[in-house]
Amino acid sequence: MGLSDLTSITASEARRLLDNKEISSVELTRDHLERINNLEKDIDAYVTVTEAIALEDARLADERIAAGTQANLTGIPMQLKDNICYSGIPTTCSSKMLENFIPPFDASVSTLLKGENSVLLGKGNLDEFAMGSSTENSALKSTKNPWDTSRVPGGSSGGPAAAVAASECVFSLGSDTGGSIRQPASLCGVVGMKPTYGLVSRFGLVAFASSLDQIGPLTKSVEDSALILQSIAGHDPRDSTSLNVEIPDYRANLSTGLKGFRIGVPKEYFVEGINSGVEKSVLDAIDVLKDLGAEVKEVSLPHTKYALAVYYIIAPSEASANLSRYDGVKYGFSEKDADTMWAGLENTRSNGFGPEVKRRIMLGAYALSAGYYDAFYLKAQKVRTLIRQEFETVFKEVDVLAMPTSPTTAFSIGDKIDDPLQMYLNDIFTIPANIAGIPGISVPAGLVEGLPVGLQFMSGALQEANLFKAAYAYEQATEWHKQTPSLG
Amino acid sequence: MEESADLTIEEIKQISVLTRIAMTDNELDLMRTQMSAILDSVAILNEVDTENVEPTGHSVDVKSVMRDDEKQDSLTQEETLLNAPQREGSFIRIRAVLE
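Note that the structure is a prediction, hence the values are computed from the model and not measured. (Residues numbered from 1 in each chain as written. Chains lettered and ligands numbered in written order. Predicted model: local features only at pLDDT ≥ 70, side-chain atom pairs only at ≥ 80, totals over all residues.)

Looking at the overall build of chain A
Looking only at helices and strands, one finds 15 helices and eleven strands in chain A. Taking 23 Å as the expected radius of gyration for a compact globule of 488 residues, we find that chain A reaches 21 Å, a close match to that expectation. When its C-alpha atoms are laid out on the principal axes, chain A stretches across 65 × 50 × 45 Å. A total of 488 residues make up chain A; the buried ones form 61% of that total. In chain A, the share of contacts with a sequence separation of at least 24, taken over all contacts with a separation of at least 6, comes to 76%. (Helix = DSSP H or I, 4+ residues; strand = E, 2+ residues; numbered from the N terminus. Rg over C-alpha atoms; globule rule 2.2 N^0.38 Å. Buried ≥ 20, exposed ≤ 12 C-beta atoms within 10 Å, placed from the backbone. Contact = placed C-beta atoms within 7 Å.)

A word on the overall build of chain B
When helices and strands are counted, chain B shows three helices and two strands. If you list the helices and strands of chain B from N to C, you get α-α-α-β-β. Its C-alpha atoms give chain B a radius of gyration of 23 Å, more than 25% over the compact-globule value 13 Å for 99 residues. Summarising its shape, the C-alpha atoms of chain B cover approximately 55 × 45 × 20 Å along the three principal directions. Counting over 99 residues, chain B shows a buried share of 14%.

A word on the packing of helix 9 (residues 307-322) of chain A against helix 2 (residues 25-42) of chain B
It is the contact of helix 9 of chain A with helix 2 of chain B, at a shortest axis distance of 9 Å, that shows an interaxial angle of 130°. Judged by the inter-axis angle, helix 9 of chain A sits oblique to helix 2 of chain B. Crossing of helix 9 of chain A over helix 2 of chain B shows left-handed handedness. Mapping the contact onto sequence places A:Ala309, A:Tyr312 and A:Ile313 in helix 9 of chain A and B:Ile38, B:Ser41 and B:Val42 in helix 2 of chain B. Of the residues that constitute the contact of helix 9 of chain A with helix 2 of chain B, the class distribution is five nonpolar, one polar and no charged. (Axes fitted to C-alpha atoms, helices over the stretch in contact; angles between N-to-C directions. Parallel < 35°, antiparallel > 145°, perpendicular 65-115°, else oblique. Left-handed = near helix turned anticlockwise from the far one by under 90°. Nonpolar A, V, L, I, M, F, W, Y, C, P; charged D, E, K, R; others polar.)

Section: the interface of chain A and chain B
Taken together, the 52 residues of chain A in the interface contact 42 residues of chain B. Taken together, the elements giving at least two residues each to the side of chain A that touches chain B come down to helix 9, helix 10 (341-352), helix 11 (355-368), helix 12 (374-394) and helix 13 (420-424) of chain A. Of the residues in the side of chain A that touches chain B, the class split is 29 nonpolar, 14 polar and nine charged.

Re the environment of A:Ser142
Tracing the chain through its elements places A:Ser142 in the loop between strand 3 (119-124) and helix 5 (158-165). Among the residues examined, A:Ser142 registers 18 C-beta atoms within 10 Å and is labelled partly exposed.

Examining the confidence of the model for chain B
For chain B, per-residue confidence averages 90 on the pLDDT scale, and residues scoring 70 or more make up 95% of the total. Per the prediction output, this complex has pTM 0.97; the corresponding ipTM is 0.94. (pLDDT = per-residue confidence, 0-100.)

Focus on the nonpolar core
All names here are of chain A. Grouped together as the largest cluster of nonpolar side chains are 157 residues, with contacts concentrated most on Val 310, Ile 313, Ala 470 and Ala 471. Residue contributions to this core peak at ten residues, all from helix 9. Leaving out residues up to four positions away in the same chain, Val 310 has contacts with Ala 380, Val 383, Arg 384, Ile 387 and Ile 435. (Core = buried A, V, L, I, M, F, W, Y, C linked by C-beta atoms within 7 Å.)

So, the pairing of strand 2 (residues 77-81) of chain A
Residue and element names in this part refer to chain A. Among the five residues of strand 2, five are classified as buried, and the element is accordingly described as predominantly covered. Burial along strand 2 is two-sided: the residues Pro 77, Gln 79 and Lys 81 and Met 78 and Leu 80 are all buried. Of the strand pairs in this sheet, strand 2 and strand 3 are connected by five bridges, and their pairing is parallel. Along strand 3, the bridge assignment pairs Leu 80 with Lys 123. (Pairing = 2+ DSSP bridges.)

Regarding the environment of A:Ser350
The residue A:Ser350 is located in helix 10 in this model. The spacing of A:Ser350 and A:Glu335 is 15 residues in sequence and 9.2 Å in space, taken between C-alpha atoms. If we skip the residues at most four places from it in the chain, A:Ser350 touches B:Ile21, B:Ala22 and B:Met23.

Notes on helix 2 (residues 25-43) of chain A
All names here are of chain A. Of all the bends found along helix 2, the most pronounced is centred on Asn 37 and spans about 35°. Listing the buried residues of helix 2 in full gives Ser 25, Leu 28, Thr 29, Asp 31, His 32, Leu 33, Arg 35, Ile 36, Leu 39 and Ile 43. Its buried side turned inward, helix 2 meets helix 1 (11-19), strand 1 (46-49), helix 3 (51-67), strand 2, strand 3 and helix 5. With its phi angle positive at about 55°, Asp 44 sits one or two positions after the end of helix 2. (Bend = angle between axes of the 7 residues up to and from the residue.)

Concerning helix 8 (residues 276-291) of chain A
Along an α-helix, a turn takes 3.6 residues, which lines up residues three or four apart on a common side. Residues and elements named next belong to chain A. Its 16 residues give helix 8 an end-to-end C-alpha distance of 23 Å, which sits within 8% of 22 Å, the value for a rise of 1.5 Å per residue. Listed as buried for helix 8 are Val 278, Ser 281, Val 282, Ala 285 and Leu 289. Across the axial projection of helix 8, the buried residues extend over an arc of 95°, all falling on one side. The exposed set on the far side of helix 8, more than 90 degrees from its buried face, consists of Ser 276, Leu 283, Asp 287, Lys 290 and Asp 291. Structurally, helix 8 contributes buried residues whose contacts are with strand 7 (262-266), strand 8 (295-299), strand 9 (400-404), strand 10 (440-448), strand 11 (451-459) and helix 15 (464-477). Gly 293 occupies a position one or two residues after helix 8 and carries a positive phi of about 105°. (Expected span 1.5 Å × (residues − 1). Arc of directions from axis to C-beta.)

Topic: the sheet that holds strand 10 of chain A
Residue and element names in this part refer to chain A. The strand order across the open sheet built from eleven strands is 1-3-2-4-6-5-10-11-9-7-8, with neighbouring strands paired in mixed fashion. Of all strands in the sheet, those with a lone pairing partner are strand 1 and strand 8, marking the two edges. Here the average twist between neighbouring strands, direction ignored, is 25°. Here helix 2 sits on the sheet in contact with strand 1, strand 2 and strand 3, set at roughly 20° to strand 3. Along the sheet, helix 5 makes contact with strand 1, strand 2, strand 3, strand 4 (171-175), strand 5 (191-194) and strand 6 (215-219), crossing strand 4 at roughly 160°.

Structural notes on unusual backbone geometry
Residue and element names in this part refer to chain A. Of the consecutive residues Gly 155 and Ser 156, the connecting peptide bond is found in the cis state with omega at 10°. The topology assignment puts Ser 156 in the loop between strand 3 and helix 5. Positive phi, close to 65°, is recorded for Thr 135, a residue that is not glycine. Topologically, Thr 135 is positioned in the loop between strand 3 and helix 5. Classification of Thr 135 as buried rests on a count of 33 C-beta atoms within 10 Å.

This is the structure we're talking about:
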């Protein structure tokens, strides 16, 4: 491997090269900073680039490696989605409301990554407050898909997905409320993983919909996904929904065969509206799984068609409560031009939030208001129970489910931004996992007209090892993960 | 959620007051159209029989978490005030609440 090409490597490869002293973290970091410098004008994956922090992190990482005390992610250059707090640098949520907010504390995942001396390259762009599926709702910039810069990267973790796809970082952490890691991973041709709800601490993740939000990795390989989850999973007393469970070795079960492994294909995920190229790619992928020895059978999850409606009641309701904190008093944007306290508050929220955020706050406030609570919010919570139970039943019969991640490949910038309902349909195949709290992963599974397609696996709660097993075997049997966009 | 009648402008105005988001007439009108369409689409949930079904708030059991009552480090006053839009000494300054 030429030293001029260090940005193409995975975290697992970087670990080996760093440990063998074939490269230094400073070299690896400099190469990434140079690539960011060259590509950002075309991609816009970063809200903030932290060059000085990165070089200092890398220097400390090299010292630790020299001392032989390194951890899994020591010296690996990474990005954090800009709704994950990192002390001393802005956490904007790509919103005017938090454009100048500098958290005086770290998210728990930031603390964990700092503890391993991984290297922060910067913060990734997102749809404002993680609400969207194209990253066009960012109030700061619109990220472009590295495979075709006239197209969206997906969202809301569009910055992280584009940065990994363009090799502007080795890995990134995103957040997934209804598909915000998996859908952009699918559209950008990278691996995106949403853990079981409660497996990774949400402390320091700016809250959108608290019963659905979960942090997870975007990576270049399935092995990296397992490696990074290993470092960020675990109980945190500062998150009341954090699970106190044993964390298994996620890489222990990675193997190239799937003999006896049971895979369900839910027929409700192959419906009208799915792009025929995407459908074919996923069916081809299922044939590959059969060839690897998996026992594949069709299953049914009849409540799937209600998941989107459940989500668009529950997520806005929780958002309306979570975002009531932005009042221009303690931190964040504050509209000075007002005569009274109330006018100041109303103008702060009117000018600080973008259209999609306002839409969700108002929708949620309506669904929670007196007279409508039972009909909307309570009804949605009850259907949520049915969706959850349906998954529990199917996972008695199969180890994982296989389905498409997104019904389409990347669409053109501007195509769907004026029609919220069309935009919401992008998440139709990812939302059910958030509703049920179960994990999901998207892996590259082909190209349709030069654009990436994602294959999604879901498993029962806390069965991440099964997810990685299926995803790894598929990845190793195909060449799709080796395809990269042609850039600069 | 029984019928899918469009929201009225008065209802949207009321929600904008409740959520403290000032809106122009054009914004109210667009919000009325878009929210009505979204509410129309979620009416599909009426098809589902949820008699005797318990609601799910979280997919995991959520219990109130209390830590032991021991002294711990916390943010300093200066750190806490770092992001305040307007401050006066060790206070956050706001407009008068009572006129």
